[in-house]
Amino acid sequence: MRPLALCLSLLTTLLLILAGCSESQDSSNAEATPEATPPEYPVTWRFALEEIEGSVQHAYAVALKEQVEALSDGKVELEVFPYGSLGTSIQLTELVRNGSVNLAFASPGHLANQIPEVGIFNLHYLFPDDEQTVRELLTSPELVGKFEPPYEKHNLKLLSFVPEGWMAWTANKALRSPADFQGIRFRTMTSDMAAESFRVYGAEPKQTPFSQVYNDLQLRKTDGQTNPIFAIEEMNFYEVQSTLTVARPAQFISSVVTNPEWFDALPENQKAWLESALEEVAETTWQIQKELNQVRLERMLEIAQIKVVQLTEEERAAFAKASAPARQAYVDSAGEFGADMLRWLSQTGNTFESQTPESASQNGS
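Residues numbered from 1 in each chain as written. Predicted model: local features only at pLDDT ≥ 70, side-chain atom pairs only at ≥ 80, totals over all residues. Heavy atoms only, no water.

If you check an unreviewed UniProt entry, the protein appears there as TRAP transporter substrate-binding protein DctP from Marinobacter salinisoli. UniProt, in the comment section headed Sequence similarities (unreviewed entry), describes the protein in these words: "Belongs to the bacterial solute-binding protein 7 family." (UniProt positions renumbered as here; feature names shortened; annotations may be inferred.)

Is there a simple way to think about the packing of helix H6 (residues 141–153) against helix H13 (residues 325–347) in this case?
When two helices pack together, their arrangement is given by the angle between their axes and by how far apart the axes lie. Put simply, H6 and H13 touch, their axes get as near as 12 Å, and they point 175° apart. One way to sum up the angle between H6 and H13 is to call them roughly antiparallel. Contact with H6, carried on its side by Glu142, Leu143, Lys146, Phe147 and Pro150, involves Phe337, Met341 and Trp344 of H13 and no other residues of that element. Broken down by class, the residue content of the contact of H6 with H13 amounts to 6 nonpolar, no polar and 2 charged. (Axes fitted to C-alpha atoms, helices over the stretch in contact; angles between N-to-C directions. Helix = DSSP H or I, 4+ residues; strand = E, 2+ residues; numbered from the N terminus. Parallel < 35°, antiparallel > 145°, perpendicular 65-115°, else oblique. Contact = heavy atoms within 4.5 Å. Nonpolar A, V, L, I, M, F, W, Y, C, P; charged D, E, K, R; others polar.)

Any chance you could explain the packing of aromatic side chains here in plain terms?
How two aromatic rings sit relative to each other is set out by the distance from centre to centre and by the angle between their planes. Taken as a whole and judged by the stated rule, the model has 23 aromatic pairs. Measuring from centroid to centroid gives 5.4 Å for Tyr125 and Phe352, while their planes differ by 65°, and the two rings are edge-to-face. Of this pair, Tyr125 sits in the loop between helix H4 (108–111) and helix H5 (131–138) while Phe352 sits in helix H14 (residues 352–355); the two residues are 227 residues apart in sequence, bridging distant segments of the chain. Under the relative-accessibility criterion, Tyr125 is labelled buried at 1%. (Phe/Tyr/Trp six-rings, centres within 6.5 Å; stacked < 30°, edge-to-face > 60°. Buried < 20%, exposed > 50% of the residue type's maximum accessible area, 1.4 Å probe, protein only.)

Quick question: what am I supposed to make of the packing of helix H12 (residues 313–323) against H13 here?
Relative to each other, H12 and H13 sit at 35°, their axes nearing to 5 Å. Contacts between H12 and H13 involve Lys321, Ala322 and Ser323 from the former and Pro325, Ala326 and Arg327 from the latter. Here the contact of H12 with H13 is built from residues that sort into 3 nonpolar, 1 polar and 2 charged.

Quick question: what am I supposed to make of the pairing of strand E6 (residues 204–207) here?
When strand E5 (residues 185–188) meets E6, the two strands line up parallel, connected through 4 bridges. Following the sheet pairing, Phe186 is matched in E6 by Pro205. Between the parallel elements E5 and E6, the chain passes through helix H7 (residues 192–199) in a crossover that is right-handed. (Pairing = 2+ DSSP bridges. Right-handed = clockwise from strand over helix to strand, strands pointing away.)

Laid out in structure tokens, this is it:
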């Protein structure tokens, strides 16, 4: 009996030991496989630009890089790819859609062919002439919110609009009236809406990539072009054009976009760092572009014989009147959204007409 009791005791002890080992292993496994595995830092975000180093977009990207890396304490690194590194503007948008890059600039100058709603930023003499009003409009959550659905429909998440300065015109003559555009071959960005804005003046629009413009001007395949002043200087267009007309028909507006799935999958802390950095940079972007455009104009005048023509308010008003048919073309392409946007801008006073002295007197102001 005693050996049997001893065997039973040893068996019981062995079972208890095995059970204990099993519980210990389960506990260890649970700790080794938490519900959410933290990311391995540092992580790298890729930001593709439509412009070269030294541009407004490059200055914006550098500022965003500094903000993101400071807010994340170096856990996130932003890698910036200037124009030409990864492809054309159209190709960059596709890289965002397929997730090859995380962030990119996408300007309505090419995007409007895919997202007709953003063609509104290609219209002339629509938005106010007052810079502060334009700034507040572009950063308003209401305006951004109106454009989020059209972007999402094309697998892009809109993060912000970025102003890059007033558009100017170059040619080998002054462009003081719509009649001066009659028959000239004028380069625009690669969207039908951008082309239509000059077709209504009587020009023959040529939609060509940014990198091709200089050669076309030099070889006289194109007679003129339009860009912000900083871009005219950095691409040396002043070497092959004699006259710069400061018409201020519109601000050059670009947008920062990302892949919706990538953004939604970001850990909450990374998402917060990105959103905070975008908000901080938005505060300084206007001053960045204003200073850069002024510096580039002064530099261009120092090294070139280019003539600068400032349009009078009467001359600008004549262009504003001539540009009106392009708004109908925008409504035709953007449909109900386009008509609603034009009404909304008019009702809120965010139009060029509502800022003119003539309009103010007619409204009894």
